[in-house]
Amino acid sequence: MKRLLILILPLIFVNCRKKYNCSCSTTITDQSYYNNAYHVSETKPMNRKMTKKEAKAVCDHEADNINDTYTNLFTANGTQSSGGLTVKTTCALK
């Protein structure tokens, strides 16, 4: 019985890992020009198998990276005003 458990237990934990997709949606709002909004959506597959908790952390980090990239682009890496542009990105596992 112990041998059977030893053989089955690793299979259970290996199956907890799978490949996920991270779906992100970014809204860029220009508050200085009649609150125009521009939306960008993208879904990317993750390259390796991971647990759901790991995948969620990666996906959340992706949202932060996208926000930072747009903010740096609009402000010339923080040296200028954003000119009324705001960025909001949300990412979710799919």
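Calculation criteria
Residues numbered from 1 in each chain as written. Predicted model: local features only at pLDDT ≥ 70, side-chain atom pairs only at ≥ 80, totals over all residues. Heavy atoms only, no water. Disulfide = S-S within 2.5 Å. Helix = DSSP H or I, 4+ residues; strand = E, 2+ residues; numbered from the N terminus. Buried < 20%, exposed > 50% of the residue type's maximum accessible area, 1.4 Å probe, protein only. Pairing = 2+ DSSP bridges. Axes fitted to C-alpha atoms, helices over the stretch in contact; angles between N-to-C directions. Contact = heavy atoms within 4.5 Å.

**Topic: the state of the cysteines**
Working definition of a disulfide: a covalent bond connecting the sulfur atoms of two cysteines.
Link 1 in the chain: One pass over the full model with this rule turns up two disulfides.
Link 2 in the chain: Note on cysteine connectivity: Cys 22 is disulfide-linked to Cys 59, with sulfurs 2.0 Å apart. A torsion of 90° about the S-S bond marks the disulfide between Cys 22 and Cys 59 as right-handed. Linking Cys 22 in strand 1 (residues 21-30) with Cys 59 in helix 2 (residues 52-74), this pair joins segments that are 37 residues apart in sequence.
Link 3 in the chain: Relative accessible area serves as the criterion here: at 1%, Cys 59 is assigned to the buried category.
Link 4 in the chain: Bridging Cys 24 to Cys 91, the disulfide has an S-S length of 2.0 Å. Where Cys 24 bonds to Cys 91 through sulfur, the torsion about that S-S bond is close to 110°, and the disulfide is right-handed. With Cys 24 in strand 1 and Cys 91 in strand 3 (residues 85-93), this pair connects stretches of sequence that are 67 residues apart.
Link 5 in the chain: According to the relative accessible area criterion, Cys 24 is buried, its value standing at 8%.

**A look at the sheet that holds strand 1**
Link 1 in the chain: The antiparallel open sheet is built from three strands, whose spatial order is 2-1-3. The open sheet has two edge strands with one neighbour each: strand 2 (36-45) and strand 3. Recorded for the sheet is a direction-independent mean angle of 15° between the axes of neighbouring strands.
Link 2 in the chain: Direction of pairing for strand 1 relative to strand 3: antiparallel, over a ladder of nine bridges. Directly across from Ser 23, in strand 3, lies its bridge partner Ala 92.
Link 3 in the chain: Together, strand 1, strand 2 and strand 3 form the strand contacts of helix 2, whose direction differs from that of strand 3 by roughly 165°.

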